[in-house]
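Examining the three-dimensional arrangement
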Amino acid sequence: MRSIAEFEAAARERLDPAHYDYFAGGAQDEITLRENESAYKRLRLIPRVLRGSDKRDLSLTLLGTPSSMPILVAPTAFHRLAHPDGELATAKAAARAGTILIVSMAATTAIEDIAAAAREAAPDPGLWFQLYLQPDLEFSEAIVRRAEAAGVKAFVVTVDSPVLGRRERDDRNAFHDLPPGLAVENLRNLGENRSGGNASHVREIVMSAGLNWDHIAWLRGKTKLPVLIKGVLHAEDARLAVHHGVAGIVVSNHGGRQLDTVPATIDVLPEIAAAVGGALPVLLDGGIRRGTDAVKALALGADAVAVGRPVVWGLAAGGREGVSEVLELLRADFDQALALCGGRHPADLTPDQVRR
Ligand SMILES: Cc1cc2nc3c(=O)[nH]c(=O)nc-3n(C[C@H](O)[C@H](O)[C@H](O)COP(=O)(O)O)c2cc1C
Ligand SMILES: O=C(O)C(=O)c1ccccc1
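Here's a quick rundown of the structure. Keep in mind the model is a prediction, meaning the values are calculated, not measured. (Residues numbered from 1 in each chain as written. Chains lettered and ligands numbered in written order. Predicted model: local features only at pLDDT ≥ 70, side-chain atom pairs only at ≥ 80, totals over all residues. Heavy atoms only, no water.)

1. So, the overall build of the protein chain
Along its length, the protein chain carries 13 helices and 14 strands. Compactness check: the protein chain gives a C-alpha radius of gyration of 19 Å against a globular reference of 21 Å for 356 residues, within 12% of the reference. Summarising its shape, the C-alpha atoms of the protein chain cover approximately 75 × 45 × 45 Å along the three principal directions. Classification of the 356 residues of the protein chain by burial places 56% in the buried group. Look at the contacts in the protein chain between residues 6 or more apart in sequence, and 76% of them connect residues 24 or more apart. Here the protein chain has roughly 15,100 Å² of accessible surface; of this, 51% comes from carbon and sulfur atoms. Each charge sign in the protein chain was given a centre, from 40 positive and 45 negative side chains, and these centres are 4 Å apart. (Helix = DSSP H or I, 4+ residues; strand = E, 2+ residues; numbered from the N terminus. Rg over C-alpha atoms; globule rule 2.2 N^0.38 Å. Buried < 20%, exposed > 50% of the residue type's maximum accessible area, 1.4 Å probe, protein only. Contact = heavy atoms within 4.5 Å. Areas by Shrake-Rupley, 256 points an atom, 1.4 Å probe, with all protein chains shown as cover. Lys, Arg positive; Asp, Glu negative; His and termini not counted. Charge placed at Lys NZ, Arg CZ, Asp CG, Glu CD.)

2. Here's the deal with the side chain of histidine 79
Residue placement: histidine 79 occurs in helix H4 (residues 79-82). Discounting chain neighbours no more than four positions away, the residues touching histidine 79 are Gly86, Glu87, Thr90, Thr108, Val312 and Leu315.

3. Here's the deal with the packing of helix H2 (residues 17-24) against helix H13 (residues 309-340)
It is at 10 Å that the axes of H2 and H13 come closest, and there the two elements cross at 155°. Taken together, H2 and H13 sit at an angle that is classed as roughly antiparallel. Side by side, H2 and H13 meet where Tyr20, Phe23 and Ala24 of the first sit next to Arg309, Val312 and Trp313 of the second. Per-class residue counts for the contact of H2 with H13 are five nonpolar, no polar and one charged. (Axes fitted to C-alpha atoms, helices over the stretch in contact; angles between N-to-C directions. Parallel < 35°, antiparallel > 145°, perpendicular 65-115°, else oblique. Nonpolar A, V, L, I, M, F, W, Y, C, P; charged D, E, K, R; others polar.)

4. Examining the site of ligand 1
Residues in contact with ligand 1 amount to 22 residues; listed here are only the nearest, Pro75, Ser104, Thr158, Asp285 and Arg289. One nitrogen or oxygen atom from the side chain of histidine 254 is found 3.4 Å from a nitrogen atom belonging to ligand 1. When the free accessible area of ligand 1 is taken as 600 Å², the share hidden by the protein chains comes to 98%. In the shell around ligand 1, the residues fall into seven nonpolar, ten polar and five charged. (Near = heavy atom within 4 Å. Polar contact = N/O pair within 3.5 Å; in protein donor to acceptor, adjacent residues only side chain to side chain.)

5. A word on the environment of valine 206
Checked against the element boundaries, valine 206 lands in the loop between strand E9 (201-202) and helix H9 (213-222). On the basis of relative accessibility, which here comes to 38%, the residue valine 206 falls in the partly exposed class. In this structure, the C-alpha to C-alpha distance between valine 206 and proline 162, residues 44 residues apart in sequence, is 9.3 Å. In contact with valine 206, not counting residues within four places along its chain, are Leu133, Gln134 and Pro135.

6. Overview of the environment of leucine 283
Mapped onto the secondary structure, leucine 283 falls in strand E12 (residues 282-285). In the structure, leucine 283 is positioned 53 residues away from lysine 230 in sequence and 8.7 Å away in space, judged by C-alpha atoms. Those residues within four positions of leucine 283 in sequence are excluded, and the remaining contacts are Leu62, Leu72, Trp128, Ile249, Val250, Val251 and Ala304.

7. Focus: the packing of aromatic side chains
Considering all chains together, one arrives at five aromatic pairs under this definition. Within the aromatic cluster, the residues linked to one another by ring pairs are Tyr22, Phe23, Phe78 and Phe175. One Lys or Arg, arginine 203, reaches over the ring of phenylalanine 139 and ends 3.9 Å from the middle of that ring. Sitting over the face of the ring of tyrosine 22, arginine 257 holds its NZ or CZ atom 4.7 Å from the ring centroid. (Phe/Tyr/Trp six-rings, centres within 6.5 Å; stacked < 30°, edge-to-face > 60°. Lys NZ or Arg CZ within 6 Å of the ring centre and 35° of its normal.)

8. Comments concerning the nonpolar core
Ranked by internal contacts, the top residues of the largest apolar core, which has 101 residues, are Phe129, Leu131, Ile249 and Trp313. At 13 residues, H13 tops the list of elements feeding residues into this core. Discounting chain neighbours no more than four positions away, the residues touching isoleucine 249 are Leu228, Ile229, Val232, Ala238, Ala241, Ile272, Val276, Leu280, Pro281, Val282 and Leu283. Of all hydrophobic cores here, the second largest spans 14 residues; its members include Leu60, Leu62, Ala154 and Leu283. (Core = buried A, V, L, I, M, F, W, Y, C linked by side-chain atoms within 4.5 Å.)

9. Focus: the site of ligand 2
Neighbouring residues of ligand 2: Tyr22, Ala77, Phe78, Ala106, Tyr132, Leu164, Arg167, Met207, His254 and Arg257. Within the side chain of tyrosine 132, a nitrogen or oxygen atom sits 2.5 Å from an oxygen atom of ligand 2. Within the side chain of arginine 167, one N or O atom sits 2.8 Å away from an oxygen atom of ligand 2. Burial of ligand 2 by the protein chains amounts to 86% of its free accessible area of 290 Å².

10. A few points about unusual backbone geometry
Despite not being glycine, histidine 254 shows a phi value in the positive range, around 65°. Turning to its location among the elements, histidine 254 is positioned in the loop between strand E11 (248-251) and helix H11 (265-276). Histidine 254 sits in the buried class, given a relative accessible area of 14%. Phi is positive for threonine 261, which is not a glycine, with a value near 75°. Along the chain, threonine 261 turns up in the loop between E11 and H11. Given a relative accessible area of 58%, threonine 261 falls into the exposed group.

Below, the structure written as structure tokens:
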């Protein structure tokens, strides 16, 4: 397949329509969902010429984790809804590609099993773990310990979800529960043993409307691993993140699934990059479908980008192989766009190369 759009079409054919809608959809009128992609279409690239470099180098290290390219896998829930191999397939493909996979706390596979699959594909896979900090901090700490023991290298706390966004497609389809046999495995309370057998209770993910900077400080006190926050759109929050010793930020609107009518992430990136001033790595997700999209984000100040739905479409279309194809397609597309922009390394891209 030649484009992410073709993967999406193939995924749509294979998926239960309600599950396709869950993955594809956004909040309410889906204005932000569309805007994330259309904002890139309004930006124009200006290449530099005659810089003489034969070969590009896409690799980088983010907070101690090496990545073969500045395109990471954003955390998305419920991969076993997309394909029976679920997160195991995604983990193998990301590890094979040498890129960082941010595992969702809402994965339908236990983090221990995801890490084992990643290690089958690469000796030292770059796994990060996304957290919805639970009001029950003791339970949150237990998940942190599990993820650390599994070998994750950073935590990404999602901060754009004090409550879950309203997704009208899910309401229309009455999609509110996982089908029998699937569960949010990282929320299994393994200590619990209520029926006398080895039944284990799966908690629900609770959104924490009470989350504040003290909780981030709490988490930093509980782990030596870098703590990033995901879902920053305001420059002042980016400044506060620096002030509070956060290791990195992800400029994200949750793929248009939380607050509708917030801007496209690429449109707030310049002010956020300026506010951070290089003090910590800035990642961005939302609407990246082409190599040129990633080039624009890196030129405007992101250190790396992440893709959510494209990986789900690859998974649904072809399991591990499908995710590998999506990641290699994005890599080749990005490499070509970088070359055409006259860059050898992603860091060669500069803001003056992007025009509105
Ligand atoms: C189906 C789906 C599930 C998601 N689940 C999570 C999640 O569990 N945790 C989280 O922090 N973000 C979640 N996100 C948001 C993604 O991490 C990311 O911000 C977004 O998908 C990026 O936009 P893109 O899909 O246009 O690439 C989810 C997104 C989608 C589409
Ligand atoms: O669907 C989502 O976007 C999401 O973030 C989520 C949150 C809780 C459970 C499952 C998915």
